[in-house]
Every structure is written in structure tokens, then in C-alpha cells.
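One letter stands for each residue in the lines below.
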Amino acid sequence: MIQTISKTITFDEFVAWYPENSVHKYELHNGVIVEMPLGTGDHSDVTGFIHSKLAVEIDRRELPYSIPGDCLLKLSRNASGYQPDVIVLDRTALASEPRWKKESVITMGSSVRLAVEVVSTNWQDDYLVKVADYERLGIPEYWVVDYTALGGRRFIGNPKQPTISVYQLVDGEYQISQFRGDDTVESLAFPELRLTAEQIFRAGLPATEPT
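Cut-off values and rules
- Residues numbered from 1 in each chain as written.
- Predicted model: local features only at pLDDT ≥ 70, side-chain atom pairs only at ≥ 80, totals over all residues.
- Heavy atoms only, no water.
- Helix = DSSP H or I, 4+ residues; strand = E, 2+ residues; numbered from the N terminus.
- Rg over C-alpha atoms; globule rule 2.2 N^0.38 Å.
- Buried < 20%, exposed > 50% of the residue type's maximum accessible area, 1.4 Å probe, protein only.
- Contact = heavy atoms within 4.5 Å.
- Lys, Arg positive; Asp, Glu negative; His and termini not counted.
- Charge placed at Lys NZ, Arg CZ, Asp CG, Glu CD.
- Core = buried A, V, L, I, M, F, W, Y, C linked by side-chain atoms within 4.5 Å.
- Phe/Tyr/Trp six-rings, centres within 6.5 Å; stacked < 30°, edge-to-face > 60°.
- Salt bridge = Lys/Arg side-chain N within 4 Å of Asp/Glu carboxyl O.
- Polar contact = N/O pair within 3.5 Å; in protein donor to acceptor, adjacent residues only side chain to side chain.
- Pairing = 2+ DSSP bridges.
- Right-handed = clockwise from strand over helix to strand, strands pointing away.

Asks: Which residues make up the overall build of the chain, and what values go with them?
Replies: Counting its regular elements, the chain contains six helices and twelve strands. Its C-alpha atoms give the chain a radius of gyration of 17 Å, near enough to 17 Å, the size a compact globule of 211 residues would have. Expressed along its principal axes, the backbone C-alpha trace of the chain runs to roughly 50 × 40 × 35 Å. The buried share of the chain, reckoned over its 211 residues, is 47%. Put simply, 59% of the contacts in the chain that link residues at least 6 apart link residues at least 24 apart. Side-chain charges of the chain comprise 20 positive and 30 negative groups, with the mean position of each set lying 2 Å from the other.

Right under this line is the structure:
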């Protein structure tokens, strides 16, 4: 991550500062604006694959969900705001969001059905900071997709291996399930989704390349 402004600011100041039509993505971490690293091709493939599969499932089941192009999550602390790699919103809840129409800002966890972070070099944020913040906000489901096993051993085991960690809110606390290899990922938001961890890691490519 690249820190872009050293002084601390509020979330509202961050929204006012955010460059229009920026090619870069920024988040606010404890009052500090952070430019997020440009994803690798593999990272983009995995993110795009998840986005497309969820969009197909939304359309197939005619779910009242949407996957926005731009979205800022305002955390309960006024000094942080995130942009998940993929976010699924409950369209019926957006009418109660005071900042959605004008600013694409989500302030309530109940408006989110699923948030997904695809792990890159800043993996500590995904496993440590965002888990706590999304739990506190009340987001019912959060995936950490660690397709290259970058996360620490306490998060994905020893020896490390590619893992999808699915956090689901139960009585206000996240319960975690982990999926690897041929495990079918289990989702509360998409109970009929039939994707294995390996399919997601490979962004839909076959497990064995043709020779």
C-alpha cells in the first residue's frame, strides 16, 4: 500500500477529496488516505471470475441484489472507509441508506449481503483489520480469497495452502469456515452457488492445462 496523505482526516473529508474518475482506488485507514496497490493479472482474473459468477446467480434466481461498480463502505469509526474487491448489496435496503444516491456510500452492514477481498500483499488488512471492522459494522458474510497462500500460518494453516475463509455473522460474531481444493464453497447469500475453491483460485480455468 502507498500512503498518499500523512495527516489524518475524517470520512467526509475523504469523500470530498476523492478524485473523480480516478484510475486508482483509495481507502481511508484510521484517518489516513491509502492508495491501494494495482492488482496483478491473476488477482484481476480471480476478482472478475467471482464477480461474474455471482452476477449470473443473481440473474438466475432473480435475487434483489446488485453488484455496484463503485461503492464506499463507511465504517462505524468515522476515520475509515473501504472498497471491497467485490460487494453485493441488498437493493431493497438501499432506500434506507442516506448517502447512497448521491455518493455511493454504504453506512449500514444490513445493506450488504456479501463482501469479498482477494488477498494481495496487504494481506494483514484482510485477515486482521477488515474482519474486525466488517464484524462490527454487521456485514453478514465476508470472504477472504487467498489464492496464492500469502496469509500468515495462523490464518491458513501450516503448511500454507490456497484458502478461502468465509466469515458468517452468528449472534453478532463471525464464525469462520475454510475451503480448499475441491471443497465446495458454502455461502449464506448464495446457498445454491456451486463453485469449488480450486475453480475460484484458477478463475474457472481447468485444473490441468492441455499439453
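Asks: Describe the nonpolar core, naming the residues involved and giving the relevant values.
Replies: Ile50, Leu54, Trp143, Val145, Phe190 and Ile200 are the most contacted members of the largest nonpolar core, which totals 27 residues. Breaking this core down by element, the ones donating at least two residues are helix H2 (41-61), strand S7 (86-90), strand S9 (112-118), strand S10 (141-146), strand S11 (163-170) and helix H6 (197-201). Examining the composition of this core, we find that five residues originate from one element, H2, more than from any other. In contact with Trp143, not counting residues within four places along its chain, are Ile50, Leu114, Ala115, Val116, Glu117, Ser165, Val166, Val185, Ser187, Leu193 and Ile200. Residues Tyr82, Val119, Ala149 and Tyr174 belong to the second largest nonpolar core, which totals 25 residues.

Asks: Could you give an account of the packing of aromatic side chains, with specific residues and numbers?
Replies: For the coordinates displayed, the defined rule picks out 14 aromatic pairs. Ring geometry for Tyr82 and Tyr134: centres 6.0 Å apart, planes at 75°, overall edge-to-face. With a gap of 52 residues between them, Tyr82 in strand S6 (residues 81-82) and Tyr134 in helix H4 (residues 123-137) connect regions that are remote in the sequence. By relative accessible area, which is 1% here, Tyr82 ends up buried. Residue class for Tyr134 comes out buried when judged on its relative accessible area of 0%. Taken together through their ring pairs, the aromatic side chains of Phe11, Phe14, Trp17, Tyr18 and Tyr26 make up a single cluster.

Asks: Mind laying out the side chain of Asp90, listing which residues take part and the relevant values?
Replies: Its place among the elements puts Asp90 in strand S7. Buried charge Asp90 goes without a salt bridge, the closest partner of opposite sign being Arg113 at 4.8 Å. At 2.5 Å, the side chain of Asp90 forms a polar contact with the side chain of Thr92.

Asks: Now, about the side chain of Asp133: what can you tell me, with residues and values included?
Replies: Mapped onto the secondary structure, Asp133 falls in helix H4. Among the polar contacts listed, one links the side chain of Asp133 to the side chain of Arg136, at a separation of 2.8 Å.

Asks: Describe the pairing of S10, with residues and values.
Replies: Taking burial as the measure, the six residues of S10 include six buried ones, the bulk of the element. On S10, burial covers both faces: Glu141, Trp143 and Val145 on one face and Tyr142, Val144 and Asp146 on the other are all buried. Note that S9 and S10 share four bridges and pair parallel. Its bridge partner lying in S10, Glu117 is registered against Val144. Since S9 and S10 lie parallel, the crossover through H4 that links them has a hand, and here it is right-handed. Alignment of S10 against S11, held across six bridges, turns out to be antiparallel. Note on S11: the bridge partner recorded for Asp146 is Thr163.

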